[in-house]
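Summary of the model geometry
Chain residues, written in single-letter form:
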Amino acid sequence: MTIQWFPGHMAKARRQVSENLKLVDIVFELVDARLPLSSRNPMIDEVIHQKPRLLILNKQDMADETETRRWIEYFAQKGFKAVAINSFEGKGLQSVIKAAQEILAEKWDRMKARGMKPRAIRAMIVGIPNVGKSTLINRLAKKNLAKTGNMPGVTKSQQWIKVAKDIELLDTPGILWPKFEDQQVGYKLALTGAIKDTIINMEDLAIFGLNFLATHYPARMEERYKLTSVSENLVETFDHIGKLRRVFGQGGEIDYDQVALLIVRDIRDQHLGVLTFDFVKEQLEKEKLAAAIEIENEERRKRTAKLRRQQSLENKE
């Protein structure tokens, strides 16, 4: 299944981010703590370039705490300061302001040295849909200024928002790339609600969710569904869960659509506990493999160039 979702207002938002970078001191990149890598928009790197950036891992209460700490360390090693927060309950918000001040300390010292008065930090919040941008803004401002909701794409216009005396925020709509190169990323985002359900095959998504649980959280899957593995015969698996949870349609037959919906909702509503969908260990393995492939390709290029030089010399002789 190919998941694509790129509404027109998001294409416009991408242009606006580029245009408004000069207005801000720092970019707050908001990601989902459950999938800190998959919920990062790779396009943002291309757009913001060297602008100071703070990575904010939101919804930390819904993610594995140990894995969240690992991700903060991972990003630090990559040169990005990161903090974890729960904007819904307002936890960790002071860490955002403190981290932004630390990142911009040198710039503020230079401004003071030139006799300029300190001013509020001007920040731009960016992120994919449904990571909690509007909720974070409302919490920081302590007012209901930005429209919030559980549906991705509810914030569709830009506005400046004053947060006490410390920060001024330029809210931007979520940005999502037009097509996922890695379908695993698309499934993870869909499973956490970052993509509209109306464009998703829920049975495919439920199957992905079950396979993910079998690999990473087998004990929880067994506790919830009395399953130790996912059968290659998916009808058997859905029949088992349907009977266990009594998901019947007309005539007493298993309603497979409702079984799929039940599985997805169980995951989203934390009936299987807090879950993290991106793992630092797996990412490091991918990077190691990519580095090995690059070394191999470079050696191949050198051998090819050497061979061509030899052939050229032989032709001249």
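One structure accompanies this document, and this report is about it.

Conventions we followed
- Residues numbered from 1 in each chain as written.
- Predicted model: local features only at pLDDT ≥ 70, side-chain atom pairs only at ≥ 80, totals over all residues.
- Heavy atoms only, no water.
- Helix = DSSP H or I, 4+ residues; strand = E, 2+ residues; numbered from the N terminus.
- Buried < 20%, exposed > 50% of the residue type's maximum accessible area, 1.4 Å probe, protein only.
- Contact = heavy atoms within 4.5 Å.
- Areas by Shrake-Rupley, 256 points an atom, 1.4 Å probe, with all protein chains shown as cover.
- Axes fitted to C-alpha atoms, helices over the stretch in contact; angles between N-to-C directions.
- Parallel < 35°, antiparallel > 145°, perpendicular 65-115°, else oblique.
- Left-handed = near helix turned anticlockwise from the far one by under 90°.
- Nonpolar A, V, L, I, M, F, W, Y, C, P; charged D, E, K, R; others polar.
- Core = buried A, V, L, I, M, F, W, Y, C linked by side-chain atoms within 4.5 Å.
- Pairing = 2+ DSSP bridges.
- Salt bridge = Lys/Arg side-chain N within 4 Å of Asp/Glu carboxyl O.
- Arc of directions from axis to C-beta.
- Polar contact = N/O pair within 3.5 Å; in protein donor to acceptor, adjacent residues only side chain to side chain.
- Phe/Tyr/Trp six-rings, centres within 6.5 Å; stacked < 30°, edge-to-face > 60°.

Glancing now at the overall build of the protein. Along its length, the protein carries twelve helices and six strands. Counting the 317 residues in the protein, one finds 45% classified as buried. Excluding contacts between residues fewer than 6 apart, the proportion of contacts in the protein whose partners are at least 24 apart in sequence is 68%. When the accessible surface of the protein is totalled, it reaches about 17400 Å², and 48% of it is carbon and sulfur.

The subject of this paragraph is the packing of helix H8 (residues 202-216) against helix H11 (residues 256-268). Where H8 meets H11, the closest approach of the two axes is 8 Å, and the angle between their N-to-C directions is 50 degrees. Taken together, the axes of H8 and H11 are oblique relative to one another. Pair H8 / H11 crosses with left-handed handedness. Residues Met 202, Glu 203, Leu 205, Ala 206, Gly 209, Leu 210 and Leu 213 of H8 pack against Tyr 256, Asp 257, Ala 260, Leu 261, Ile 263, Val 264, Ile 267 and Arg 268 of H11. Its residues assigned to classes, the contact of H8 with H11 comprises eleven nonpolar, one polar and three charged.

By size, the foremost hydrophobic cluster in this structure holds 65 residues, and its most contacted members are Phe 28, Ile 56, Leu 169, Tyr 225 and Ile 263. Take this core: its biggest share by element is eight residues, from H8. The contact partners of Phe 28, leaving out residues within four places of it in the chain, are Leu 54, Ile 56, Val 96, Ala 100, Ala 123, Met 124, Ile 125, Val 126, Ile 167 and Leu 169.

Buried residues dominate strand S1 (residues 26-32), accounting for seven of its seven residues. The alternating pattern of S1 places Ile 26, Phe 28, Leu 30 and Asp 32 on one face and Val 27, Glu 29 and Val 31 on the opposite face, and all of these are buried. Of the pairings in the sheet, the one linking S1 to strand S2 (residues 53-58) comprises six bridges and is parallel in character. Counted as the bridge partner of Asp 32 is Asn 58 from S2.

This structure, assessed with the given rule, holds 21 salt bridges. Across the pair Glu 168 and Lys 162 runs a salt bridge whose closest N-O atoms are separated by 3.6 Å. The class of Lys 162 is partly exposed, set by a relative accessible area of 45%. Three or more residues are tied together by salt bridges with common partners; here these are Glu 29, Arg 40, Asp 45 and Arg 53.

A word on helix H4 (residues 93-103). The set of residues buried in H4 consists of Leu 93, Val 96, Ile 97, Ala 99 and Ala 100. In an axial view of H4, the angular spread of the buried residues amounts to 165 degrees, which keeps them on one side of the axis. In H4, the exposed positions that point more than 90 degrees away from the buried face belong to Gln 94 and Lys 98.

What follows covers helix H7 (residues 183-191). Burial analysis of H7 places seven of its nine residues in the buried class, the great majority of the element. Within H7, the full set of buried residues consists of Val 185, Gly 186, Tyr 187, Lys 188, Leu 189, Ala 190 and Leu 191. Against H8 and H11 lie the buried residues of H7. Capping the start of H7, Asp 182 holds a side-chain oxygen 2.9 Å from the backbone nitrogen of Gln 184, two or three residues further along. Gly 193 sits one or two residues past H7 and shows a positive phi near 90 degrees.

Let us look at the packing of aromatic side chains. Centre-to-centre distance and the angle between the planes together describe a pair of aromatic rings. Scanning all chains against the criterion turns up nine aromatic pairs. Where Phe 238 meets Tyr 256, the ring centres are 6.4 Å apart and the plane angle is 45 degrees; that geometry is what we call tilted. Here the residue Phe 238 occupies a position in helix H10 (residues 234-244), and Tyr 256 occupies one in helix H11, the gap between them amounting to 18 residues. Assessed through its relative accessible area of 31%, Tyr 256 is described here as partly exposed. The structure contains a cluster of three or more aromatic residues connected by ring pairs, namely Phe 212, Tyr 217, Phe 277 and Phe 279.

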